[in-house]
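# A look at the structure
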Amino acid sequence: NHHHHQNQRKTARVNLASPGCEGTVIIIRHCEKGKIREHCDYLGYERAAFLATQFGDSPNDRWPSPSYIFPLNPGGRHNIQKLNVREIETIGPLSD
């Protein structure tokens, strides 16, 4: 019954955090590129503004206000001559 053994699912071991130590990580893609690729276009700025409205501390908000926000470093690209600030422009309204 070797074939049956190969098809068995492997179960992952899950370590649960202590009560009160849970957290949520949300990964958000940067805004759309503008004509100047290092910056958001108009739609990108509009989406960034909308994104900020989705977070808050009331029961009607989609997600709770973030405790921390980590954008990519603008100079952290392979081309150090171009500083890509789209990540910062995307989360700017949320961080205000």
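See the structure above.
Bear in mind the structure is a predicted one, so any value in this text is a computation, not a measurement. (Residues numbered from 1 in each chain as written. Predicted model: local features only at pLDDT ≥ 70, side-chain atom pairs only at ≥ 80, totals over all residues. Heavy atoms only, no water.)

## Structural notes on the overall build of the protein
- Counting secondary structure elements, the protein contains three helices and two strands.
- What you see in the protein, going N to C, is helices and strands ordered as α-α-β-β-α.
- A total of 96 residues make up the protein; the buried ones form 21% of that total.
- Excluding contacts between residues fewer than 6 apart, the proportion of contacts in the protein whose partners are at least 24 apart in sequence is 47%.
- Of the roughly 8500 Å² of accessible surface on the protein, a fraction of 54% belongs to carbon and sulfur atoms. (Helix = DSSP H or I, 4+ residues; strand = E, 2+ residues; numbered from the N terminus. Buried < 20%, exposed > 50% of the residue type's maximum accessible area, 1.4 Å probe, protein only. Contact = heavy atoms within 4.5 Å. Areas by Shrake-Rupley, 256 points an atom, 1.4 Å probe, with all protein chains shown as cover.)

## Let's talk about the pattern of salt bridges
- Taken as a whole and judged by the stated rule, the model has one salt bridge.
- In this structure, glutamate 32 and arginine 47 form a salt bridge, with 2.4 Å as the shortest nitrogen-oxygen distance. Residue glutamate 32 is found in the loop between helix 1 (2-6) and helix 2 (42-52), and its partner arginine 47 is found in helix 2; the two are separated by 15 residues along the sequence.
- Residue arginine 47 is classed as partly exposed on the basis of its relative accessible area, which comes to 48%. (Salt bridge = Lys/Arg side-chain N within 4 Å of Asp/Glu carboxyl O.)

## As for helix 3 (residues 86-95)
- Along helix 3, the positions that sit buried rather than exposed are Arg86, Glu87, Glu89, Thr90, Ile91 and Leu94.
- Against the buried residues of helix 3 lie helix 2 and strand 1 (55-56).

## As for the state of the cysteines
- Counted by the stated rule, this structure contains one disulfide.
- Linked covalently through their sulfurs, cysteine 31 and cysteine 40 form a disulfide whose S-S length is 1.7 Å. An S-S torsion of about -90° defines the bridge between cysteine 31 and cysteine 40 as left-handed. Like cysteine 40, cysteine 31 is buried. (Disulfide = S-S within 2.5 Å.)

From the geometry alone we can't say anything about function, so treat these as descriptive.
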